[in-house]
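Structural characterization, general
Read off the chains here:
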Amino acid sequence: MTHLYEHYQMVRSQTERICAPLKVEDYVVQPIVDVSPPKWHLGHTTWFFENFILAAHYPGYQLYNPSFNFCFNSYYESQGPRVQRALRGNLTRPQIEEVYAYRQYVDQYMQRFFEQGLLTEALTYVLQIGINHEQQHQELLLTDLKYILGNNPLFPAYIEGKSLPEASPAKPANWLAITEGVYEVGHEGEEFCYDNEQGRHKVFLHAFQVQDRLVTNAEYMAFMEDGGYEQFQWWKAEGLDWVRNTGAQAPLYWFHEQGEWWQYTLYGLQKVNPDLPVTHINYYEADAFARWKGLRLPTEFEWEVACRQYAETPSPESNLQEKQNFMPIGEQQGMQFWGDAWEWTDSAYLPYPFYSPPEGALGEYNGKFMINQMVLRGGSCATPDSHIRSTYRNFFHADKQWQFTGIRLAQTL
């Protein structure tokens, strides 16, 4: 229990460290429906603990403000009405000072909850979901902030006074081969996982190979220079519609000025480094690039099997102090399976065999989103290290670019 409380404290303080560089005006901006204001993230993650633990299981607990359930409920139909997602930026009230006071109030009662021994075995999983849920929002905070600041005409840096982390030169891409066979995929063991990582099951895979690093900016620029966005043969029909409707010609945050490509980063506007992994591309772009190369994207099962065979999973115990690079830097450790960019797979987000969502409100966490989305694997530079594992299934719609999303190539042998 002591370890869980320490983890709770660490995660809660990390969220506030992420927000520390912000100005008051930054907290409320919502440029698009996909992006939530930082103030809303701070309130929503707090509401989760208040609503699912304190209000339900702490005798005599008084809600900080009953209206906050309407303000900070995200998508839980069972928890009542809520502010529409697209209108979160209209919440100029409560003020940010009150949201921080709300966090402090809930944290104080959570401390008492632990001290009074109220954490039962049944509630432990709810607490773990809450902790991991806040880590998901730490990543969303960073990606949302990048969109907020990256669409500011001044391109202000989130991290002022610091330079971009030094990048390693990209090495030549090699192949990691996997033999044909039946493999087990999905979570096993007693460590925390989300319900969508269960149940573990067998899959048959034909012999295949994946590249031992991510596709670089230089490689993607070659696709662009070859007219990749104009040539219909590389694109699936829905992707081609997206290109034509949006006029896309490059990854998100890229700008062509005076014959050079620049990109917005959390460190401000920088020249595109050809050796870094390409990021902020959607599934359509990743798939089109792979087709242009005469290759394909791996399935999520191929990715998991290759990852387990060739990369050691980071240990959560050794990564409690979270990284603060917030930029893919092309590290070769673990064949880049971990912590540079989320990798698009060619798998639809669907339930595993034997999948069973939790009872009650937490059954809404993952299962109802298993439609019209694609699976990503591996974690990004914005993903907390202690949150990364080989079975983690992220998922987004095919047109989304605002996450740190990249490409690993595969081919059948």
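Whatever comes next refers back to the structure up there.
Here is a short report on the structure shown in this document.

The rules behind each value
- Residues numbered from 1 in each chain as written.
- Predicted model: local features only at pLDDT ≥ 70, side-chain atom pairs only at ≥ 80, totals over all residues.
- Heavy atoms only, no water.
- Phe/Tyr/Trp six-rings, centres within 6.5 Å; stacked < 30°, edge-to-face > 60°.
- Helix = DSSP H or I, 4+ residues; strand = E, 2+ residues; numbered from the N terminus.
- Buried < 20%, exposed > 50% of the residue type's maximum accessible area, 1.4 Å probe, protein only.
- Lys NZ or Arg CZ within 6 Å of the ring centre and 35° of its normal.
- Arc of directions from axis to C-beta.
- Contact = heavy atoms within 4.5 Å.
- Pairing = 2+ DSSP bridges.
- Axes fitted to C-alpha atoms, helices over the stretch in contact; angles between N-to-C directions.
- Core = buried A, V, L, I, M, F, W, Y, C linked by side-chain atoms within 4.5 Å.

1. What to know about the packing of aromatic side chains
- Evaluated as defined, the whole model comprises 52 aromatic pairs.
- Residues Tyr253 and Tyr264 carry aromatic rings whose centres are separated by 6.2 Å and whose planes lie at 50° to one another, so their mutual orientation is tilted. Of this pair, Tyr253 sits in the loop between helix H7 (237–246) and strand E5 (254–257) while Tyr264 is found in strand E6 (residues 260–265), placing the two residues eleven residues apart along the sequence.
- On the basis of an interplanar angle of 85° and a centroid distance of 6.2 Å, the ring pair of Trp303 and Trp338 is categorised as edge-to-face. One end of the pair, Trp303, is in helix H9 (residues 300–310); the other, Trp338, is in the loop between H9 and strand E8 (342–348), with 35 residues separating them in the sequence. In terms of burial, Trp303 and Trp338 fall into one category: buried.
- Here the basic side chain of Arg88 rests over the ring of Trp40, its NZ or CZ set 3.6 Å away from the ring centre.

2. Topic: unusual backbone geometry
- Here Arg93 and Pro94 are connected by a cis peptide whose omega angle stands at 5°.
- Residues Gln198 and Gly199 are joined by a peptide bond in cis, for which omega reads -10°.
- Tracing the sequence through the fold places Gly199 in the loop between strand E2 (181–185) and strand E3 (201–205).
- Of note, the phi angle at Phe155 is positive, near 45°, even though the residue is not glycine.
- Mapped onto the secondary structure, Phe155 falls in the loop between helix H5 (121–150) and strand E1 (175–178).
- Looking at Phe155, the relative accessible area reads 24%, which means it is partly exposed.
- Of note in the backbone geometry, His280 takes a positive phi value of approximately 60° without being a glycine.

3. Some thoughts on H7
- Taken residue by residue, H7 has Gly239, Leu240, Trp242 and Val243 as its buried positions. In a view along the axis of H7, the buried residues occupy a sector of 155°, so they form one face of it. Among the exposed residues of H7, those pointing more than 90 degrees away from its buried face are Ala237, Glu238, Arg244 and Asn245.
- Next to the buried residues of H7 lie helix H8 (283–292).
- Following H7 by one or two positions, Gly247 has its phi on the positive side, about 70°.

4. A few points about the pairing of E8
- When you tally the buried positions in E8, you get five out of seven residues, the bulk of the element.
- Pairing between E8 and strand E11 (residues 405–406): two bridges, direction parallel. When the sheet's bridge partners are listed, Glu343 is paired in E11 with Gly406.
- In this structure, E8 lies alongside strand E9 (residues 374–377), joined through three bridges in antiparallel fashion. Its bridge partner lying in E9, Glu343 is registered against Arg377.

5. Quick notes on the pairing of strand E4 (residues 208–211)
- Of the two faces of E4, the one carrying Phe208 and Val210 and the one carrying Gln209 and Gln211 are both buried.
- Where E1 meets E4, four bridges bridge the pair, whose relative direction is antiparallel. Each bridged residue has a counterpart across the sheet, and for Trp175 the counterpart in E4 is Gln211.
- Where E4 lies against strand E12 (residues 410–412), three bridges are found, and the strand directions are antiparallel. In the strand pairing of E12, Val210 is matched with Ala410.

6. With respect to the sheet that holds E1
- A sheet is described by the order of its strands in space; here three strands give the open sequence E1-E4-E12, paired in antiparallel fashion. The open sheet is flanked by E1 and E12, the only strands paired with a single partner. Ignoring strand direction, the axes of neighbouring strands in this sheet form an average angle of 20°.
- The sheet strands contacting H9 are E1 and E4, and the helix crosses E1 at an angle near 105°.

7. Here's the deal with the nonpolar core
- Counting 99 residues, the largest nonpolar core has Val106, Met110, Leu127, Tyr158, Tyr220, Trp235 and Ile407 as its most contacted members.
- Broken down by element, this core gets its largest block of residues, eleven residues, from H5.
- When near neighbours in sequence (up to four residues on either side) are disregarded, Tyr158 contacts Arg17, Ile18, Pro21, Leu22, Leu142, Leu145, Leu149, Tyr264, Leu266 and Phe326.
- Counting 17 residues, the second largest nonpolar core, distinct from the first, contains Leu176, Ile178, Cys307 and Ile388.

8. Observations regarding the environment of Gln263
- For Gln263, the location among the structural elements is in strand E6.
- Residue Gln263 is classed as buried on the basis of its relative accessible area of 5%.
- Linking Gln263 and Tyr352, residues 89 residues apart in sequence, is a C-alpha distance of 38 Å.
- When near neighbours in sequence (up to four residues on either side) are disregarded, Gln263 contacts Asn217, Tyr253, Trp254, Gly268, Leu269, Gln270, Val272 and Met327.

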